[in-house]
Amino acid sequence: MLDVRRLGRTRYEDAHTLQSRSVDERVEGKIGDLLLLTEHDPVVTVGRGATRDIVAGVNVPVIEVERGGEATYHGPGQLVAYPILRMAPDRRDMHRYLRDLEEVVIRVLAEFGVEGRRESGFSGVWIGQKKVCSVGVAVRRWVAWHGFAFNIHTELSAFDKFQPCGLDPNVMTRLVDHADVPPGNFLCEVLTVKHFCEVFGFDLPPPPPPAPPSKFPPLPMYPA
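Residues numbered from 1 in each chain as written. Predicted model: local features only at pLDDT ≥ 70, side-chain atom pairs only at ≥ 80, totals over all residues. Heavy atoms only, no water.

1. Some words on unusual backbone geometry
Under the convention used in this document: Labels follow the DSSP assignment, with helices taken as runs of H or I lasting at least four residues and strands as runs of E lasting at least two, numbered in each case from the N terminus. Here's how the labels work: a residue is buried when its accessible area is under 20% of the maximum for its type, exposed when over 50%, partly exposed in between, all with a 1.4 Å probe on protein chains only.
In this structure, W142 is a non-glycine residue whose phi angle is positive, near 60°. Position of W142 relative to the elements: it lies in the loop between β8 (130–140) and β9 (143–151). Looking at W142, the relative accessible area reads 34%, which means it is partly exposed. A positive phi angle, close to 60°, is found at H146, a residue other than glycine. Relative to the helices and strands, H146 is located in strand β9. According to the relative accessible area criterion, H146 is buried, its value standing at 1%.

2. Details of the sheet that holds strand β5 (residues 71–74)
For clarity, the cut-off: When DSSP finds two or more bridges between two strands, those strands count as paired. A fitted line through C-alpha atoms represents every axis, and for helices the fit uses only the stretch in contact; the resulting angles, taken between N-to-C directions, go from 0 to 180 degrees.
Spatially, the three strands line up as an open sheet ordered β4-β3-β5, and their pairing is mixed. Of all the strands in the sheet, the pair left with one neighbour each is β4 (62–64) and β5. Averaged over all neighbouring strand pairs, the angle between strand axes comes to 25°, with direction disregarded.

3. Considerations on the environment of S134
Inclusion rule: What makes two residues a contact is simply this: any of their non-hydrogen atoms within 4.5 Å.
Along the chain, S134 falls in strand β8. Look past the residues within four positions of S134 in its chain and what remains in contact with it is T72, G147, F148, A149, C165 and M172.

4. What about the confidence of the model for the protein chain?
Close inspection of predicted coordinates is inappropriate for parts of the model with low pLDDT. How we decide: pLDDT: the predictor's confidence for each residue, scored from 0 to 100.
In the predicted model, the protein chain carries a mean pLDDT of 92, and the fraction of residues at 70 or more is 93%. Note that pLDDT drops below 50 for residues 216–224; the model gives that stretch 23 contacts with residues more than four away or on any other chain.

5. Description of helix α3 (residues 186–200)
To keep it simple, the criterion reads: Expected helix span is given by 1.5 Å per residue-to-residue step, counting one fewer step than there are residues.
Taking 1.5 Å as the rise per residue, α3 with 15 residues should run 21 Å; its terminal C-alpha atoms sit 21 Å apart, in good agreement. Regarding α3, the residues found buried are C188, E189, L191, T192, V193, H195, F196, C197, V199 and F200. In the stretch just after α3, G201 is the one whose phi turns positive, near 80°.

6. What to know about the environment of A81
Examined against the element boundaries, A81 turns out to sit in strand β6 (residues 78–86). Classification of A81 by relative accessible area gives buried; the value is 0%. Sequence separation between A81 and R6 is 75 residues, and the spatial gap between their C-alpha atoms is 9.7 Å. Look past the residues within four positions of A81 in its chain and what remains in contact with it is L35, L36, L37, H146, G147 and F148.

7. Quick word on the sheet that holds strand β1 (residues 3–10)
Read from one edge to the other, the open sheet built from six strands follows the order β1-β2-β6-β9-β8-β7, with strand pairing classed as mixed. What marks the edges here is a single partner per strand, and that holds for β1 and β7 (125–127). On average, adjacent strands in this sheet sit at an angle of 15° to one another, irrespective of strand direction. Note: β1 against strand β2 (residues 34–40), seven bridges, orientation parallel. Paired with G8 across the bridge in β2 is T38. Contacting β1, β2, β6, β8 and β9, helix α1 (residues 12–27) runs over the sheet at an angle of about 145° to β9.

Spelled out as structure tokens, the structure:
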């Protein structure tokens, strides 16, 4: 059964440490498959497909990470999902894995009456000509980690000072601009778990406990 953990608001560094430790434990068979759901304090991460100089103009912390892809923003109003999955021998295809993660988000969008799609040559999920979800993953001894960042209420001006995923910042969008969405990420978390289990063949787990209160004082959506 899939273990789902709602982490609430986290610093990126703390979530990354938890991911890395969980990958080691999954490789060693100490834990089962895991899905971490969180919302980060403002940060820009730079994947293997780019260098730090492309985000020289941003005014939030910048962290270089192991995932594929280029630079993207994480912050309040964005649902970040980190699956820690042992890839079965018949599913050891990273292109298929990326498409499966995209399928989860496409199905969540459909719950709101919004048509999500893929864009040829890019990873992620799009609504029309706008990108609503970025996907970037890594694998260690056939345990996949990192995942996707789904813009729900995200402050889109946070993308303005760099090229997210190598694209024009104006291409980014968020779900709330296309559908009626309640405040917070809870509904999208529930729907993400539902469709993640469907796509990856897990039984639906019992509801996870509430996310813990944040350890950190509230921050503005995107510092000036």
